[in-house]
Amino acid sequence: MRLIFLGAPGAGKGTQAKRVSEKYNIPQVSTGDILRAALNEGIELGLKAKSFMESGELVPDSVIIDLIKKRLQKSDCEKGFLLDGFPRSLPQAEALESLLYELDNPLDSVVSIDVSEEKIVGRLTNRRLCRKCGADYNFATNPPPENMICTICGGEIYQRSDDKEETILNRLNVYANETIPLISFYKEKGILKSVDGMSEPDAVFDSIVAILEEKNK
Ligand code: AP5
Ligand code: MG
Ligand code: ZN
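Residues numbered from 1 in each chain as written. Chains lettered and ligands numbered in written order. Predicted model: local features only at pLDDT ≥ 70, side-chain atom pairs only at ≥ 80, totals over all residues. Heavy atoms only, no water.

Describing the overall build of the protein chain
- Across its full length, the protein chain holds nine helices and eight strands.
- Sequence separation of 24 or more characterises 69% of the internal contacts of the protein chain that already satisfy a separation of 6 or more.
- In the structure as shown, the protein chain presents an accessible area of about 11,300 Å², 48% of it carried by carbon and sulfur atoms.
- Computed over 28 positive and 34 negative side-chain charges, the inter-centroid distance for the protein chain is 3 Å. (Helix = DSSP H or I, 4+ residues; strand = E, 2+ residues; numbered from the N terminus. Contact = heavy atoms within 4.5 Å. Areas by Shrake-Rupley, 256 points an atom, 1.4 Å probe, with all protein chains shown as cover. Lys, Arg positive; Asp, Glu negative; His and termini not counted. Charge placed at Lys NZ, Arg CZ, Asp CG, Glu CD.)

Below, the structure is given as structure tokens:
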């Protein structure tokens, strides 16, 4: 199963990708997570990405395409993969097309998770994460403990530097300008499926599974 999750920042791509990748036993490939890990480790990729990520701009296509080429050629992707946060621009989508053509592995489905902008700002300003295990806390749905120490692993709970309101608004702008064109790109290929991402995570998960199973019949 080769899937893409499309959606605005805070649409729930990561939340749903984690569950779907467990259900179908395919790796979740999040370019955002890979870049943040590189930034933490202080390696070159992270240094290249830092200023773009902090301002909510896209990291240059050449950097991202190079990263994804290497990632998709790892053996765990042979049985399929779920791309979370990639592609995000037409050049990235076109590069993915030729890469998958070379590997003789076409995409099965592109799932667009649709959520209103108002809801997104609320979700993202309330989000906090564990620095060590990545656990997701949210003041609206699953508040972190007062001491901001992760209840799962004891790590420090922090706020992503791009989850400030001003940066969120820029990320939404970038999404509208650079990523929304991918909706018609995949619609034309006949593989786009849209789900309502406004309800509870469990309900969104059920809609995604229903759509994927329908496709595989
Ligand atoms: P990335 O890390 O991909 O961030 P993003 O796309 O902005 O999206 P988020 O991870 O913030 O949101 P999400 O949709 O995963 O939502 P989540 O499930 O976490 O990218 C960060 C940066 O890296 C980019 O700005 C760019 O600079 C760079 N980058 C990455 N990929 C790139 C690429 N391909 N090209 C160029 N640059 C790239 O949910 C958010 C919150 O809402 C959570 O707290 C969650 O608990 C809550 N929530 C989720 N679902 C629900 C629900 N149904 N109901 C209530 N709350 C919910
Ligand atoms: Mg994410
Ligand atoms: Zn933790």
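Considerations on helix 4 (residues 61-72)
- Given a rise of 1.5 Å per residue, twelve residues ought to cover 16 Å, and the 16 Å separating the end C-alpha atoms of helix 4 matches this to within 8%.
- Listed as buried for helix 4 are V63, I64, I65, L67, I68, R71 and L72.
- Its buried side turned inward, helix 4 meets strand 2 (28-30), helix 2 (31-41), helix 3 (44-55), strand 3 (81-84) and helix 5 (90-102). (Expected span 1.5 Å × (residues − 1). Buried < 20%, exposed > 50% of the residue type's maximum accessible area, 1.4 Å probe, protein only.)

So, the packing of aromatic side chains
- Tallying each qualifying case throughout the model produces one aromatic pair.
- Seen in terms of ring centroids, F185 and Y186 are 4.9 Å apart; in terms of plane orientation they differ by 90°. Their pairing is edge-to-face.
- Residue F185 is classed as buried on the basis of its relative accessible area of 15%.
- One residue, R19, lies across the ring of F205, its end atom 5.8 Å from the ring centre. (Phe/Tyr/Trp six-rings, centres within 6.5 Å; stacked < 30°, edge-to-face > 60°. Lys NZ or Arg CZ within 6 Å of the ring centre and 35° of its normal.)

Some thoughts on the packing of helix 7 (residues 165-179) against helix 8 (residues 181-188)
- It is the contact of helix 7 with helix 8, at a shortest axis distance of 5 Å, that shows an interaxial angle of 35°. Contact with helix 7, carried on its side by Y175, A176, N177, E178 and T179, involves P181, L182 and I183 of helix 8 and no other residues of that element.
- Split by residue class, the contact of helix 7 with helix 8 holds five nonpolar, two polar and one charged. (Axes fitted to C-alpha atoms, helices over the stretch in contact; angles between N-to-C directions. Nonpolar A, V, L, I, M, F, W, Y, C, P; charged D, E, K, R; others polar.)

Digging into the sheet that holds strand 4 (residues 109-114)
- Strand order in the open sheet formed by five strands is 2-3-1-4-8, with parallel pairing between adjacent strands. A single partner strand is all that each edge strand has here, and the edge strands are strand 2 and strand 8 (192-196). Across the sheet, the mean angle from the axis of one strand to that of its neighbour is 25°, orientation sign disregarded.
- Relative to strand 4, strand 1 (residues 2-6) runs parallel, the two sharing four bridges. Within the sheet, the bridge partner assigned to I4 lies in strand 4 and is V110. (Pairing = 2+ DSSP bridges.)

Some words on the layout of surface pockets
- What the second largest pocket holds in volume is close to 220 Å³.
- Taken together, I34, E44, L45, K48, V63, D66, L67, K70, R71 and K74 make up the full set of residues lining the second largest pocket.
- The set of elements that each furnish at least two residues to the lining of the second largest pocket consists of helix 3 and helix 4.
- Looking at the lining of the second largest pocket element by element, the count peaks at five residues for helix 4.
- Split into classes, the residues belonging to the lining of the second largest pocket amount to four nonpolar, no polar and six charged. (1 Å grid on protein atoms, 1.4 Å probe; cavity = no way out; pocket = protein on both sides within 12 Å on 5 of 7 lines; lining within 4 Å. Points joined across faces, edges and corners; volume = space filled by probe spheres on them.)

Quick word on the coordination of the zinc ion (ligand 3)
- Each protein donor to the zinc ion (ligand 3) is listed here as C130 (SG), C133 (SG), C150 (SG) and C153 (SG); together their distances run 2.2 to 2.4 Å.
- For the zinc ion (ligand 3), the four donor atoms in the first shell make angles of 96 to 114° at the metal, a pattern classed as tetrahedral.
- Between consecutive donors of the zinc ion (ligand 3), the numbers of intervening residues give the motif C-x2-C-x16-C-x2-C. A residue pair is termed long-range when its members are at least 10 positions apart, and C133 in the loop between strand 5 (127-130) and strand 6 (136-138) and C153 in the loop between strand 6 and strand 7 (157-158) qualify at 20 residues.
- Residue C153 is classed as partly exposed on the basis of its relative accessible area of 27%. (Donors = N, O, S within 2.8 Å, 3.2 Å for Na, K, Ca; no water. Tetrahedral: all angles 85-135°; square planar, octahedral: opposite > 155°, others 65-115°.)

A closer look at the sheet that holds strand 6
- Strand order in the open sheet formed by three strands is 6-5-7, with antiparallel pairing between adjacent strands. Each of the sheet's edge strands pairs with one partner strand only, and the pair in question is strand 6 and strand 7.
- Of the strand pairs in this sheet, strand 5 and strand 6 are connected by three bridges, and their pairing is antiparallel. By the bridge assignment for strand 6, L129 is matched with D136.

Observations regarding the site of ligand 1
- In the region of ligand 1, 34 residues are neighbours, and T15, E57, R88, R127 and D136 sit closest.
- With respect to ligand 1, the side chain of T15 contributes an N or O atom lying 2.5 Å from an oxygen atom.
- E57 is positioned such that a nitrogen or oxygen atom in its backbone is 2.6 Å from an oxygen atom of ligand 1.
- The fraction of the free accessible surface of ligand 1 (1,000 Å²) that becomes covered by protein chains is 94%.
- Only helix 1 (13-24), helix 2, helix 3, helix 6 (117-125) and strand 6 provide two or more residues apiece to the shell around ligand 1.
- The element that contributes the greatest number of residues to the shell around ligand 1 is helix 2, accounting for four residues.
- In terms of residue class, the shell around ligand 1 is made up of 13 nonpolar, ten polar and eleven charged. (Near = heavy atom within 4 Å. Polar contact = N/O pair within 3.5 Å; in protein donor to acceptor, adjacent residues only side chain to side chain.)

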